[in-house]
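Fold and geometry: a report
Each chain, written out:
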Amino acid sequence: MLRHFLQFKDLSRDELLYLFERTRVIKTRFKRYQPYHPLTDRTLAMIFEKSSTRTRLSFEAGMHQLGGSAIYLNTRDTQLGRGEPVEDAGEVISRMVDIVMIRTFEQDIIERFAAHSRVPVINGLTNEYHPCQILADIFTFIEQRGSMKGKTVAWIGDSNNMCNTWLQAAEVLDFNVHVSTPPGYEVEPERAGLYGTDHFESFADPMDACRGADLVTTDVWTSMGWEAENDERLKDFADWQVDAEMMGVAKPDAVFMHCLPAHRGEEVTAEVIDGPQSVVWDEAENRLHVQKALMEFLLLGKLES
Ligand code: CP
Ligand code: NVA
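What comes next concerns the included structure. (Residues numbered from 1 in each chain as written. Chains lettered and ligands numbered in written order. Predicted model: local features only at pLDDT ≥ 70, side-chain atom pairs only at ≥ 80, totals over all residues. Heavy atoms only, no water.)

**A word on the overall build of the protein chain**
Within the protein chain, the regular secondary structure consists of eleven helices and nine strands. Burial statistics for the protein chain: of 305 residues in total, 55% are counted as buried. Counting only carbon and sulfur atoms, one obtains 49% of the accessible surface of the protein chain, whose full area is about 13200 Å². Taking the 31 positively charged and 49 negatively charged side chains of the protein chain as two groups, their mean positions are separated by 8 Å. (Helix = DSSP H or I, 4+ residues; strand = E, 2+ residues; numbered from the N terminus. Buried < 20%, exposed > 50% of the residue type's maximum accessible area, 1.4 Å probe, protein only. Areas by Shrake-Rupley, 256 points an atom, 1.4 Å probe, with all protein chains shown as cover. Lys, Arg positive; Asp, Glu negative; His and termini not counted. Charge placed at Lys NZ, Arg CZ, Asp CG, Glu CD.)

Have a look at this one:
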């Protein structure tokens, strides 16, 4: 059966646990320089309508390391940027490659592409979601601290694609998210694709959201696509900077995460992101390993470890 990964809840809890276990196996082999080429002769098309460092590099290197190859396409040099319908692009591109990753604007664009695709489609970030990043974040937490079940994540800042995806993940994997956003930037549960509100709680004061948290995380105040609001956002978010005081009220062994790129002095202080509780470099590296496991799963199904 054709499977896509367009939002976090496209995978069940069991499939996610399988994926994290495969990630561990694939990462260990990679670190030992043991070649592993289950995707020989498979091709990944990567379509970017927004900028990227980590997503492009991790998918391209990951596909190469699994024995396949990757092709980078962007809106500027393809017919997608000149108005070719996304449905037609889905029909054509999916006849030429084995798997597709897309970074674009509205979630609707990737949904329409996938509806016309013969091959698996992966969300490499949309305005609404960033599911590959949350796979890496949760795998990183598991590596550092064990299962996420019952844990508390403090989300400080904008209720953006990262926040929405944390909230979806909380429902699937049964943990809690404490969200603190400035007024006017609150979570929209429908846009976040939530079933209910059992797994998240909103806090007016970011200090209260961080209190007792196992993981504190934030993201840029201005996501790609919202640049016109930058000046206003700098003012509105000024009190939502993750600093040592916020980390101080979280659990003593709490970790700090950020999907990167980061703006030191805006959403996080240098002291926190470069400090001992920060796991941002492991978090970034783990994009490579989780996405290799994801592509393996979408193309080959469940394998014996
Ligand atoms: N975190 C993340 O997706 O980074 P890029 O924008 O560099 O891909
Ligand atoms: N929320 C950010 C994440 C970048 C990886 C954005 O969408 O720009």
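**Concerning the packing of helix α3 (residues 86-96) against helix α4 (residues 107-115)**
At their nearest, the axes of α3 and α4 sit 7 Å apart, and the two run at 45° to each other. In terms of orientation, α3 lies oblique with respect to α4. Considering the relative orientation of α3 and α4, their crossing is right-handed. Taking contact as the criterion, the partners of V86, E87, A89, G90 and I93 in α3 are, on α4, I109, R112 and F113. Of the residues contributing to the contact of α3 with α4, the split by class is five nonpolar, one polar and two charged. (Axes fitted to C-alpha atoms, helices over the stretch in contact; angles between N-to-C directions. Parallel < 35°, antiparallel > 145°, perpendicular 65-115°, else oblique. Left-handed = near helix turned anticlockwise from the far one by under 90°. Contact = heavy atoms within 4.5 Å. Nonpolar A, V, L, I, M, F, W, Y, C, P; charged D, E, K, R; others polar.)

**Section: the packing of aromatic side chains**
Evaluated as defined, the whole model comprises six aromatic pairs. Arranged with centres 5.9 Å apart and planes meeting at 50°, the rings of Y18 and F297 form a pair that is tilted. Taken together, the residues Y18 in helix α1 (residues 13-31) and F297 in helix α11 (residues 280-300) connect sequence positions 279 residues apart. Judged by relative accessible area, which is 12%, Y18 ranks as buried. A relative accessible area of 9% means that F297 is categorised as buried. For the pair W166 and F175, a centre-to-centre distance of 5.9 Å together with 80° between the ring planes defines the contact as edge-to-face. Take W166 and F175: they sit in the same class, and that class is buried. Each residue in the set Y185, W221 and F237 is aromatic and connected to the rest through ring pairs, giving one cluster. (Phe/Tyr/Trp six-rings, centres within 6.5 Å; stacked < 30°, edge-to-face > 60°.)

**Thoughts on the site of ligand 1**
Neighbouring ligand 1 are S52, T53, R54, T55, R103, H130, Q133, C259, L260 and R287. Taking T55, its side chain carries an N or O atom lying 2.7 Å from an oxygen atom of ligand 1. L260 has a polar backbone atom sitting 2.9 Å from a nitrogen atom of ligand 1. When ligand 1 sits alone it has 260 Å² of accessible area, and the protein chains cover 96% of it. Judged by the proximity of its atoms to the pocket grid, ligand 1 belongs to the largest pocket. (Near = heavy atom within 4 Å. Polar contact = N/O pair within 3.5 Å; in protein donor to acceptor, adjacent residues only side chain to side chain. 1 Å grid on protein atoms, 1.4 Å probe; cavity = no way out; pocket = protein on both sides within 12 Å on 5 of 7 lines; lining within 4 Å. Sits in = over half its atoms within 2 Å of the grid points.)

**Notes on the site of ligand 2**
Residues in close proximity to ligand 2 include L125, H130, N160, N161, D219, V220, S223, M224, C259 and L260, which together make up its full environment. Note that a nitrogen atom of ligand 2 is positioned 2.6 Å from one of the side-chain N or O atoms of D219. In the model, an oxygen atom of ligand 2 is placed 2.8 Å from a nitrogen or oxygen of the M224 main chain. Contact with the protein chains covers 93% of the free accessible surface of ligand 2, which is 270 Å². The site holding ligand 2 turns out to be the largest pocket.

**Here we look at helix α6 (residues 161-173)**
Residues spaced three or four apart along an α-helix face the same direction, because each turn holds 3.6 residues. Compared with the 18 Å implied by 1.5 Å per residue over 13 residues, the 18 Å span of α6 between its first and last C-alpha is a close match. One or two positions beyond α6, positive phi appears at D174, with a value near 60°. (Expected span 1.5 Å × (residues − 1).)

**Regarding the sheet that holds strand β2 (residues 69-74)**
If you walk across this open sheet you meet the four strands as β2-β1-β3-β4, and the pairing is parallel. In this open sheet, the two strands that pair with only one neighbour each are β2 and β4 (121-123). Strand-to-strand, the axes of this sheet are offset by a mean angle of 20°, without reference to chain direction. In this sheet, β2 lies alongside strand β1 (residues 43-48) in parallel orientation, the contact comprising six bridges. Residue F48 lies in a different strand from β2, and its bridge partner there is N74. (Pairing = 2+ DSSP bridges.)

**With respect to the pattern of salt bridges**
Taken as a whole and assessed by the stated rule, the structure comprises 16 salt bridges. The partner of D158 in a salt bridge is R233, and the shortest N-O contact between them spans 3.0 Å. Linking D158 in the loop between β5 (152-156) and α6 with R233 in helix α8 (residues 230-236), this pair joins segments that are 75 residues apart in sequence. As far as burial versus exposure is concerned, D158 and R233 are alike and both buried. Across the pair K251 and D214 runs a salt bridge, and its minimum N-O distance is 2.9 Å. Taken together, the residues span a long stretch of sequence, with K251 in the loop between α9 (244-249) and β9 (255-258) and D214 in the loop between α7 (206-210) and β8 (215-218) at a distance of 37 residues. A residue is classified by how much of its surface remains accessible, and K251, at 33% relative accessible area, is partly exposed. When salt bridges that share partners are traced, they join E87, D108 and R112 into one network. (Salt bridge = Lys/Arg side-chain N within 4 Å of Asp/Glu carboxyl O.)

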